[in-house]
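Okay, here's what each chain looks like letter by letter:
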Amino acid sequence: MPFWVLIPMGCIAQTNPVQSSSSKPNVVFIYADDIGFGDLSCNGAKTIKTPNVDLLASHGVRFTNMHSSAATCTPSRYALLTGEYAWRREGTGIATGDAGSIIRPERYTLADVFKNAGYQTGVVGKWHLGLGDKTATQDWNGHITPGPSDIGFDYSFILAATGDRVPCVYVENERVINLDPNDPISVSYEKNFEGEPTGKLNPELLKMHPSHGHDMSIVNGISRIGFMKGGKSALWKDEEIADVITRKALAFIEKNKDKPFFLYFATQDAHVPRVPNPRFVGSSGMGARGDAIIEFDWSVGEVMNTLKRLGLDKNTIIILSSDNGPVVDDGYKDRAVELLGNHKPAGEYRGGKYSSFEGGTRVPGILSWPGTVKPGVSDKLLCQVDMPATFAELLKVKLPSGAAPDSENHLDTWLSKGGKGREYLVLQNVNNNLSIEDGKWKFIAPGKGAAYNQQTNTELGNLNQDQLYNLSSDIGEKSNVASQNPEIVGKLKAKLDQVKALNK
Ligand code: NG6
Ligand code: CA
């Protein structure tokens, strides 16, 4: 039993009513986009400094074996919120900007865990889990439903998909904000609207040029994925996204300071297009990608400062992680490649975003709960898919039967109170090829797809034969020892089949 339950509440209330850790701590989950393990100075980055994240880590547990469930965004976010591996479900790959809601209203989610415990729940930032009933049928000028409010969020302020996908507008509580009804929005992922310029045909209109893809509708001088028309007054300015969503996140905290709250704050940094606010331009010396990471660090600092100012810092758990590993060229000529220098976004891990190698999913992981969780470093195997079961345990919420089927309770490990972490973890890459690891061994099942993506310069980990790596002695996954270790391969294969067989 957690010790704070044993302390009579009256005593706490008398000594320090706001600062005490209660059985209902606030929870802020900060979810970076495409920020790699090695992008943070607390994880060893030398050429980039992330002082706010480092401070957070120094107050909390810094995990070195924390994984997103997948090497791309939509499946990682799906697993985080549903507690189900995304590869079990069709239609959970990288979503278009006009995808229908991928998590259906009947689904029990992480947000529902908090709601059932009496929390106010909010999501601010990148969504990328679809909106509306069906793909390509949304009315972007009306109430776009179902949406976050149907899966447990009391409040939402989101980018429907990603920064590089249309529609480039903010959606607050399922309505596009700042929309002029006389200039309605149309969106298509099939064809352009007559007379509208595109990056492909009108490169002279661009302030940032694509390196691959991203040559469709132009918004704010940047060509995107997908076509849109109208909504001029509602279009975002990329330079302001971090400021706008950080302000909304802080407003949510402020508004709910007297109630327990759960905030899912998903930043656009450092996803493409990387267009940091002018005050961060040049701050990293590494171009737009480095500057976007510094901007992310600023957002983290704002959250920490606000919690402190409101006297909530000791009664708030902050978790920081990322939805997948890093990528340097993800489709725009923003000089990230040229200015990378010696920086290693994935740290010592092989691969990156999209990959089956560790760089794909082994992401930053920090949990801070000052006064309750002892600062330290943990190398236990953990995954974001476990958040629903872990928080259900913390809040004593009973998950409905069938909910969060892949989510395991690892509260003791997350709070660094002696847990062992996961025994096994199954991960998926961009080609939906699966791997399984147990903290020491990693088996990548044979799978189709290119071994290497030239455009993004990523080793994807795809091979048409077994791969086995000993992560204890070969963290860089350099040497495939499958043929020398048939029993270990057999055991991991059998375990993977067993996990897959849970398929409903
Ligand atoms: C890819 C995009 C990439 C990024 C990714 C999704 C192209 C050529 N590449 O298809 O730029 O948007 O999808 O990233 O279009 S994620 O982090 O949201 O998964
Ligand atoms: Ca991502």
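Remember, it's a predicted structure, so these values are computed and weren't measured experimentally.

Rules of the game
Residues numbered from 1 in each chain as written. Chains lettered and ligands numbered in written order. Predicted model: local features only at pLDDT ≥ 70, side-chain atom pairs only at ≥ 80, totals over all residues. Heavy atoms only, no water. 1 Å grid on protein atoms, 1.4 Å probe; cavity = no way out; pocket = protein on both sides within 12 Å on 5 of 7 lines; lining within 4 Å. Points joined across faces, edges and corners; volume = space filled by probe spheres on them. Nonpolar A, V, L, I, M, F, W, Y, C, P; charged D, E, K, R; others polar. Domains from an automatic or database assignment. Donors = N, O, S within 2.8 Å, 3.2 Å for Na, K, Ca; no water. Tetrahedral: all angles 85-135°; square planar, octahedral: opposite > 155°, others 65-115°. Helix = DSSP H or I, 4+ residues; strand = E, 2+ residues; numbered from the N terminus. Buried < 20%, exposed > 50% of the residue type's maximum accessible area, 1.4 Å probe, protein only. Pairing = 2+ DSSP bridges. Axes fitted to C-alpha atoms, helices over the stretch in contact; angles between N-to-C directions. Near = heavy atom within 4 Å. Polar contact = N/O pair within 3.5 Å; in protein donor to acceptor, adjacent residues only side chain to side chain. Areas by Shrake-Rupley, 256 points an atom, 1.4 Å probe, with all protein chains shown as cover. Sits in = over half its atoms within 2 Å of the grid points. Buried area = accessible area lost by both parts, 1.4 Å probe. Contact = heavy atoms within 4.5 Å.

Considering the layout of surface pockets
Then, number 1: If you add up the space inside the largest pocket, you get close to 480 Å³.
Then, number 2: Along its surface, the largest pocket is lined by 24 residues, and Val 328, Pro 345, Ala 346, Gly 351 and Asn 457 are the ones closest to its centre.
Then, number 3: The residue makeup of the lining of the largest pocket, split by class, is nine nonpolar, eight polar and seven charged.
Then, number 4: Both of domain 1 (4-176 + 238-414) and domain 2 (425-501) provide at least three residues apiece to the lining of the largest pocket.

Some details on the coordination of the calcium ion (ligand 2)
Each pair of donors in an ideal four-coordinate tetrahedral metal site encloses 109.5 degrees, whereas pairs in an ideal six-coordinate octahedral site enclose 90 or 180 degrees.
Then, number 1: In this structure, Asp 33 (OD), Asp 34 (OD), Asp 323 (OD), Asp 323 (OD) and Asn 324 (OD1) serve as the protein donors to the calcium ion (ligand 2), at separations of 2.2 to 2.7 Å.
Then, number 2: In this structure, the calcium ion (ligand 2) is coordinated by six donor atoms arranged in irregular fashion, with angles at the metal of 52 to 171°.
Then, number 3: Coordination of the calcium ion (ligand 2) draws on donor residues from a single chain, spaced D-D-x288-D-N in sequence. With a gap of 290 residues between them, Asp 33 in the loop between strand 1 (26-32) and helix 3 (51-59) and Asp 323 in the loop between strand 13 (316-322) and helix 8 (358-361) connect regions that are remote in the sequence. Here the two residues Asp 33 and Asp 323 agree in accessibility, since each one is buried.

Points about the sheet that holds strand 22 (residues 467-470)
Then, number 1: If you walk across this open sheet you meet the four strands as 17-18-19-22, and the pairing is antiparallel. At either end of the open sheet lies a strand with only one pairing partner, and these are strand 17 (425-428) and strand 22. Recorded for the sheet is a direction-independent mean angle of 20° between the axes of neighbouring strands.

Points about the site of ligand 1
Then, number 1: Close to ligand 1 lie 20 residues, the nearest being Cys 73, Asp 164, Arg 165, Asp 330 and Lys 353.
Then, number 2: Here an oxygen atom of ligand 1 and a backbone polar atom of Asp 330 are 2.8 Å apart.
Then, number 3: Between ligand 1 and the protein, one listed contact pairs an oxygen atom with a side-chain N or O atom of Lys 353 at 2.7 Å.
Then, number 4: Burial of ligand 1 by the protein amounts to 85% of the accessible area it has alone, namely 450 Å².
Then, number 5: When atoms are counted within 2 Å of each cavity's grid points, the one that captures over half of ligand 1 is the second largest pocket.
Then, number 6: Split into classes, the residues belonging to the shell around ligand 1 amount to five nonpolar, seven polar and eight charged.

Quick notes on the environment of Asn 65
Then, number 1: Relative to the helices and strands, Asn 65 resides in the loop between strand 2 (61-63) and strand 3 (66-67).
Then, number 2: Between the alpha carbons of Asn 65 and Val 363 there is a distance of 7.7 Å; along the sequence they are 298 residues apart.
Then, number 3: A polar contact is formed between the side chain of Asn 65 and the side chain of His 67, at a distance of 2.9 Å.

Focus on empty space enclosed by the protein
Then, number 1: Summed over the entire model, instances satisfying the criterion amount to three cavities of 30 Å³ or more.
Then, number 2: Space inside the largest cavity adds up to approximately 80 Å³.
Then, number 3: As for the largest cavity, its lining consists of Asp 238, Ile 241, Ala 242, Ile 245, Gln 268, Asp 269, His 271, Pro 273, Arg 274, Val 275 and Glu 295.
Then, number 4: When residues in the lining of the largest cavity are grouped by element, the largest group, three residues, is from helix 6 (residues 241-255).
Then, number 5: Residue composition of the lining of the largest cavity, by class: five nonpolar, two polar and four charged.

Structural notes on the domain arrangement of the chain
Then, number 1: If you check the domain split of the chain, you get domain 1 (4-176 + 238-414) and domain 2 (425-501).
Then, number 2: Summarising the inter-unit geometry, the C-alpha centres of domain 1 and domain 2 are found 26 Å apart.
Then, number 3: Carbon and sulfur atoms make up 57% of the surface buried where domain 1 meets domain 2, a total of about 2,400 Å² over both sides.
Then, number 4: On the domain 1 side of the contact with domain 2, Trp 87, Arg 350 and Ser 356 bury the most area, a combined 29% of that side's loss.

So, the side chain of Thr 162
Then, number 1: Mapped onto the secondary structure, Thr 162 falls in the loop between strand 5 (155-159) and strand 6 (170-172).
Then, number 2: Within the local environment of Thr 162, its side chain forms a polar contact with the side chain of Asp 164, the two groups lying 2.4 Å apart.
Then, number 3: Here Thr 162 is in contact with Lys 126, His 128, Trp 236, Gln 268 and His 271, once residues within four sequence places are set aside.

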